[in-house]
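# Structural overview
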Amino acid sequence: MKSLAWLLSITLLLIGVDGTYAAEIRFAALPGGNLAYKQVVSIRERRFQDLVEQKTDFSCGAAAMATILNKAYGWNLEEDDVIRGMLATADPEVVRTQGFSMLDMKRYAESLGLRARGYRIEPDKLESLKVPSIVLLDVRGYKHFVILQRTFKGYVYLGDSVLGHKKMPLEEFTRGWNGIIFALIGPGYDRNNALLSPPEPLTTKTRIHTFSPVRDAELMDFGFIQSDFF
């Protein structure tokens, strides 16, 4: 009964935590009634962990670019920074009605000293992709850029600037995907960046721990050159 009561008290404390922000909870779990502390993270924070959320209807490409630049290349950019940078060479009216294009993202990457390349790749080869990339999905007629983080055992892990981290069957993913990945290439790439280790859905019973450092040879397959590693 004592352990049950303890678990109930912890549950009540967790329920009392605000659903939007992380918090530190306190509970009596040490001899003499001393308090223990546990840092907890809200569901929303976990959903958007390491991702930049988009704030406008047309900025999914800007949010995806900001996420990769921040997490894979060590930049510290807001979505607004990327929007302003891409608008420097884009047509504002086209962006307002159609959103940013891969060409806009390519030009912006080049202005930062990076290269950006699009690759056509077959779905069965996606599991060999070892760098986070941007892909364009058709979601019920709506074109939407998301980050392809990894593909593993028939599932695709996506970083969505609207919905957060998602995991979907590869077959479902390919129905809305145009077959092209858009990758940033350049100096400063962190081959162990957080985007390569997306969180599992909260409902999962097990976690997958199969990540390993990306080898130079694997990166060179996707357009990196040896000088990019220094």
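Structure's up top.
Anyway, here's the lowdown on the structure attached to this text. (Residues numbered from 1 in each chain as written. Predicted model: local features only at pLDDT ≥ 70, side-chain atom pairs only at ≥ 80, totals over all residues. Heavy atoms only, no water.)

## Re the nonpolar core
Applicable threshold: By nonpolar core we mean a set of buried residues, namely Ala, Val, Leu, Ile, Met, Phe, Trp, Tyr and Cys, connected to one another through side-chain atoms within 4.5 Å. Partly exposed residues are those whose accessible area sits between 20% and 50% of the maximum for their type, while under 20% is buried and over 50% is exposed, using a 1.4 Å probe and protein chains only. Secondary structure follows DSSP: runs of H or I at least 4 residues long count as helices, runs of E at least 2 residues long count as strands, and numbering of each begins at the N terminus. Pairs of residues are marked as contacts when any of their non-hydrogen atoms sit within 4.5 Å.
In this structure, Met65, Phe173 and Leu184 are the most contacted members of the largest nonpolar core, which totals 53 residues. Top element by residues in this core is helix α3 (residues 60-73). It accounts for ten residues. With residues near it in sequence (within four places) discarded, Met65 still touches Val82, Met105, Tyr108, Ala109, Ile134, Phe182 and Leu184.

## Comments concerning the packing of helix α4 (residues 79-87) against helix α6 (residues 102-111)
The cut-off we apply is this: Think of each axis as a best-fit line through the C-alpha atoms, taken over the contacting stretch in the case of a helix, with angles from 0 to 180 degrees between the N-to-C directions. For classification, angles of less than 35 degrees are called roughly parallel, those exceeding 145 degrees roughly antiparallel, those between 65 and 115 degrees roughly perpendicular, and all remaining angles oblique. Asp, Glu, Lys and Arg are counted as charged, while Ala, Val, Leu, Ile, Met, Phe, Trp, Tyr, Cys and Pro are counted as nonpolar; the rest, among them Gly, fall into the polar class.
At a closest axis distance of 9 Å, the pairing of α4 and α6 adopts a crossing angle of 100 degrees. Comparing the axis directions of α4 and α6 gives the class roughly perpendicular. Between α4, through Asp81, Val82, Gly85 and Met86, and α6, the contact on the second element is made entirely by Asp104, Met105 and Tyr108. Of the residues assigned to the contact of α4 with α6, the class counts are four nonpolar, one polar and two charged.

## A few points about the packing of aromatic side chains
The test is simple: Stacked, edge-to-face and tilted are the three classes for Phe, Tyr and Trp ring pairs, Trp counted by its six-membered ring, which pair at centre distances within 6.5 Å; planes under 30 degrees apart are stacked, over 60 edge-to-face, the rest tilted. Only lysine NZ and arginine CZ atoms are considered, and such an atom sits over a ring when it is within 6 Å of the ring centre and within 35 degrees of the ring normal.
Using the criterion set out here, one finds three aromatic pairs in the structure. Looking at Arg150, its charged tip hangs above the ring of Tyr157, at a distance of 5.4 Å from the centre.

## Focus: α4
Quick note on the threshold: Note that the arc is defined by the directions from the helix axis to the C-beta atoms.
Within α4, the full set of buried residues consists of Glu79, Val82, Ile83 and Met86. Projected down its long axis, α4 carries its buried residues within an arc of 105 degrees, all on one side. Turning to α4, the residues buried within the fold contact α3 and α6.

## So, the packing of α3 against α6
In plain terms, the rule: In this scheme the handedness of a crossing depends on how the near helix is turned from the far one: anticlockwise by less than a right angle means left-handed, clockwise means right-handed.
At a minimum axis distance of 11 Å, the contact between α3 and α6 shows a crossing angle of 35 degrees. The hand of the α3/α6 crossing is right-handed. Residues Gly61, Met65 and Leu69 of α3 form the contact with α6, whose own contacting residues are Met105, Tyr108 and Ala109. Taken together, the residues that form the contact of α3 with α6 break down as five nonpolar, one polar and no charged.

## Concerning the pairing of strand β5 (residues 142-152)
Using the following cut-off: Only strands that DSSP links by at least two bridges are regarded as paired with each other.
A large share of β5 lies buried, amounting to nine of its eleven residues. Sheet topology note: the strand β4 (residues 133-139)/β5 ladder contains seven bridges and is antiparallel. Bridged to Ser133 within β5 is Leu148. The turn linking β4 back onto β5 is made up of two residues, and Arg140 within it adopts a positive phi angle of 50 degrees. Here β5 pairs with strand β6 (residues 155-160) via five bridges, running antiparallel. Looking across to β6, one finds that Thr151 is bridged to Val156. Linkage of β5 to β6, two consecutive antiparallel strands, is achieved through a turn of two residues, within which Lys153 is found at a positive phi near 50 degrees.

## Here's the deal with α3
Cut-off, in case you're wondering: For a helix, the expected span equals 1.5 Å multiplied by the residue count minus one.
Helix length check: α3, at 14 residues, gives a terminal C-alpha distance of 19 Å against a target of 20 Å (1.5 Å per residue), a fit within 8%. Two residues or fewer after α3 comes Gly74, characterised by a positive phi angle close to 80 degrees.

## Some words on the sheet that holds strand β7 (residues 164-169)
Taken together, the six strands give an open sheet; going across it, the order is β3-β8-β4-β5-β6-β7, and neighbouring strands pair in antiparallel fashion. Looking at which strands have only one partner, the edges of the open sheet turn out to be β3 (115-120) and β7. The mean angle between the axes of side-by-side strands here comes to 35 degrees, regardless of whether they run parallel or antiparallel.

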